[in-house]
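# Examination of the molecular architecture
Take a look at the letters that make up each chain.
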Amino acid sequence: MSGAEVELETDRCVASGQCVVAAGQVFDQDDDGIAVLLAERPAPEHLDDVREAVAVCPAAAIRLLER
Amino acid sequence: MADTLTGPLPQDPDPVPDFPMPRAARCPFDPPPGLKELQERGPLAKVRLWDGSRPWLVTRHADQRALLGDHRVSADTDSPGYPSKAAGDGGDTKFGFIMLDDPEHARLRRMVTAPFAIRRVEALRPVVQDIVDGLVDDMLAGPGPVDLVEAFALPVPSLVICELLGVPYDDHAFFQDNTRTMVHRDATPEQRGRATREIAEYLGGLIGRRLADPRDDLLSGIAGRVRAGEIDHRTATETALLLLLAGHETTANMIALGTLALFHHPDQLALLRDTEDPALVVSAVEELLRYLSITHLGRRRAVTADIEIGGRLIKAGEGVIMANEIANRDPEVFPDPDRLDLTRDARRHVAFGFGVHQCLGQPLARMELQVVYATLYRRIPTLRPAVPLDEIRFKEDAFIYGVHSLPVTW
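Residues numbered from 1 in each chain as written. Chains lettered and ligands numbered in written order. Predicted model: local features only at pLDDT ≥ 70, side-chain atom pairs only at ≥ 80, totals over all residues. Heavy atoms only, no water.

### A closer look at the overall build of chain A
Helices and strands together make up the secondary structure of chain A, namely two helices and four strands. Sequence-ordered secondary structure for chain A, helices as α and strands as β, is β-α-β-β-α-β. Expected size for 67 residues packed as a compact globule is a radius of gyration near 11 Å; at 11 Å, chain A falls within 12% of this value. Its C-alpha atoms put chain A at 30 × 20 × 15 Å along the principal axes. Sequence-distant contacts in chain A: of pairs separated by 6 or more residues, those separated by 24 or more amount to 60%. Looking at chain A as shown, the accessible area adds up to about 3100 Å², and 45% of this sits on carbon and sulfur atoms. Positive and negative side-chain charges of chain A, numbering 5 and 14 respectively, have mean locations separated by a distance of 10 Å. (Helix = DSSP H or I, 4+ residues; strand = E, 2+ residues; numbered from the N terminus. Rg over C-alpha atoms; globule rule 2.2 N^0.38 Å. Contact = heavy atoms within 4.5 Å. Areas by Shrake-Rupley, 256 points an atom, 1.4 Å probe, with all protein chains shown as cover. Lys, Arg positive; Asp, Glu negative; His and termini not counted. Charge placed at Lys NZ, Arg CZ, Asp CG, Glu CD.)

Below, the structure is given as C-alpha cells:
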C-alpha cells in the first residue's frame, strides 16, 4: 500500500486499453472495453506503471493523487 | 539580375508552405525536411492546403496532445474551418463516428469497442499466429522474389479484420480495390463516391443477412444494435465500413514499410530476428510506429472556440493539423529522434492519434504487428529486398503512407 490514490473517470474512457497494457495490476476492462479500477491505492512498486498509464491514456480519464 | 539591384528585393508573394510537404528523395522514412524546419522555428505555423485554405500546423508533441484532448476542437468535417484532405472529403464520403463529435461519437464508438479489449485481442493472438505462419509457409513453398505487400502485408490484416467482422475473405479483391480508391488522394470525388457506395451496398447487404441470421461476429453485433433500434441501417453500414477500411490500410502499410525500414537498419533487424524476449518485440512495434508515423496527412480538426497554444491564439473557425510524424520526432520527448532504436521506450508516440478519437483498433494492430515482426524475420532469416531502394514507389499519393509494392527474396 502507498499513500497514492488513483482516480478513474469511466465516463471519459474510450476503451483504448492502454492503462491495462501499462499497469495490468491496477486496471482491467469490462466486457465493452471500458476501464475498471482494480486498486484505488496501488502498491508502491506499481506506481511507475500507473504514472505511465496516466501519460498514455488518450482520454485523460486517469489521475494519480500522490500525497 | 540588374533590375533587382535598382528596385526593392522581390518579395515571395506567398511564403506560406504547402501541406503536405515532399519528403527528401533519399530519406523516405524521415518526415519532410520542411516539417522539421517548421518545428524548429516554433510551435505553430500556417500552411496552405490543396484548396487554398490556410489552417495552422501544430508541430510539437505536447501541443498536439493538448489540442487532440481538448473538447473545443471538432473532428466533424462540416465544422467551419475544417482542413479538408482532398476534393470530396466529407459530404458524400462522410462515414462512421470518426467524423462525429461527442456525445454522438462516444455513443456509436462504444457499440464496437468490445472486440478491441485487451483480453479479447489476446484471445485472437493464436488465430493471427496461424494466419501469419500459413502465409509464410506459402511464401517459402513458392519461388522468389515475391511482392511482400501482396503475398503477406495486405493479407494479414485483411484476413484478421474479415474474421473479426464476419466479412467473407473470398471477396477481398472487390473490397481491397474499392478501399484503395477511397484512400487515394488523387481519386476524383466521383471515383471515391462510387467506391464508397459499392462497398457500402455490399456491407449493408451483409448486415441485412445478419439481421435475419446472426452469427458470432462483429457484423452481427452491429445488426443487433439496428434490431434494438439504437442505430439505423445506414449508420450500421457506415460503422462496418469504417472498421473494414481502417483494418486494411494501416497495418498492411506498417508491415511492408516497417520491413523495408528494417532492411535499411540491419543491426536493428538482427535484434528482432535473434531475440527470445517478447518485451523487445513489444518495444520494437512501438518504435516502428513512432519512427514511421504512416498517417502522414495529419490529424485534422476545426477549432470551435478561441484556444491559446504556445503563446499564440487559434481562433474559433480556424483549422488545425497535427502532423504526427513530426511530433513523433520531437526531441523534447524522444532523444535523438531520427534514430531508429528498437530498444527505446517509445510508448508515448502519437501514431494512433490522441484524445477521444484515438485509434479504436490499436490493441489489435499492436498484436498483429507483434506477431508479424516476431515471426517473419525469424522464419525467413535471409529475407532481403529484391530491388534497390530507388526502385521502390512510396505512397506519397495516399492517405496512409507506405509502399505500393516491396519485392523480396530469401
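### Examining helix α12 (residues 233-249) of chain B
Taking 1.5 Å as the rise per residue, α12(B) with 17 residues should run 24 Å; its terminal C-alpha atoms sit 25 Å apart, in good agreement. Taken across its 17 residues, α12(B) has 14 buried, putting it largely inside the fold. (Expected span 1.5 Å × (residues − 1). Buried < 20%, exposed > 50% of the residue type's maximum accessible area, 1.4 Å probe, protein only.)

### A few points about the packing of helix α9 (residues 172-182) of chain B against α12(B)
Residues and elements named next belong to chain B. The contact between α9 and α12 brings their axes to 10 Å, and the two run at 85°. Classified by the interaxial angle, the pair formed by α9 and α12 is roughly perpendicular. Taken together, the residues of α12 that come into contact with α9 (itself represented by Phe175, Gln176, Thr179, Arg180 and Met182) are Leu241, Leu244, Leu245, His248 and Glu249. Split by residue class, the contact of α9 with α12 holds five nonpolar, three polar and two charged. (Axes fitted to C-alpha atoms, helices over the stretch in contact; angles between N-to-C directions. Parallel < 35°, antiparallel > 145°, perpendicular 65-115°, else oblique. Nonpolar A, V, L, I, M, F, W, Y, C, P; charged D, E, K, R; others polar.)

### A short note on the sheet that holds strand β4 (residues 146-147) of chain B
All names here are of chain B. Taken together, three strands build an open sheet; the order of strands is β4-β10-β9 and the sheet is antiparallel. Of all strands in the sheet, those bounded by a partner on one side alone are β4 and β9 (384-385). Pairing geometry for β9 and strand β10 (residues 407-409), over two bridges, is antiparallel. Each bridged residue has a counterpart across the sheet, and for Pro385 the counterpart in β10 is Val408. (Pairing = 2+ DSSP bridges.)

### Examining the interface of chain A and chain B
Facing the 22 residues of chain A at the interface are 17 residues of chain B. Between chain A and chain B, the buried area comes to about 1700 Å², and carbon and sulfur atoms account for 45% of it. Counting the surface chain A buries against chain B, the share from its top three residues, A:Val14, A:Glu52 and A:Pro58, is 29%. The tally of links from chain A across to chain B stands at three salt bridges. Every element with two or more residues in the side of chain A that touches chain B is listed here: α1 (18-22), β2 (27-29) and α2 (47-56) of chain A. (Buried area = accessible area lost by both parts, 1.4 Å probe. Salt bridge = Lys/Arg side-chain N within 4 Å of Asp/Glu carboxyl O.)

### Structural notes on the layout of surface pockets
All names here are of chain B. For the largest pocket, the calculated volume is near 460 Å³. What lines the largest pocket is a set of 23 residues, and nearest its centre among them are Gly69, Asp70, His71, Asp102 and Val356. Among the elements of the structure, β3 (73-74) and α4 (104-110) are those that each provide at least two residues to the lining of the largest pocket. Broken down by class, the residue content of the lining of the largest pocket amounts to ten nonpolar, five polar and eight charged. Of the voids in this model, the second largest pocket is the one considered here, and its volume is about 370 Å³. The wall of the second largest pocket is formed by 17 residues, among which Pro115, Arg120, Asp216, Asp217 and Leu218 lie closest to the centre. Elements represented by at least two residues in the lining of the second largest pocket include exactly α5 (118-123), α8 (155-165) and α11 (218-227). Split by residue class, the lining of the second largest pocket holds nine nonpolar, two polar and six charged. (1 Å grid on protein atoms, 1.4 Å probe; cavity = no way out; pocket = protein on both sides within 12 Å on 5 of 7 lines; lining within 4 Å. Points joined across faces, edges and corners; volume = space filled by probe spheres on them.)

### A closer look at the sheet that holds strand β1 (residues 44-46) of chain B
Residue and element names in this part refer to chain B. Reading across from one edge, β1-β2-β8-β5-β3 is the order of the five strands in this open sheet, with mixed pairing throughout. In this open sheet, the two strands that pair with only one neighbour each are β1 and β3. Across three bridges, β1 lies against strand β2 (residues 56-58) in antiparallel orientation. Of the residues in β2, the one forming a bridge with Ala45 is Leu57. Against the sheet, helix α3 (residues 61-68) engages β2, β3, β5 (299-303) and β8 (319-322), with an angle of about 125° to β8.

### As for the packing of aromatic side chains
All names here are of chain B. Per the counting criterion, the structure on display carries five aromatic pairs over all chains. In this structure an aromatic cluster arises from ring pairing among Phe29, Phe394 and Tyr401. Between the NZ or CZ atom of Arg23 and the centre of the ring of Tyr401, over which it lies, the distance is 3.6 Å. Above the face of the Phe354 ring, Arg65 is positioned so that its terminal group lies 4.4 Å from the ring centre. (Phe/Tyr/Trp six-rings, centres within 6.5 Å; stacked < 30°, edge-to-face > 60°. Lys NZ or Arg CZ within 6 Å of the ring centre and 35° of its normal.)

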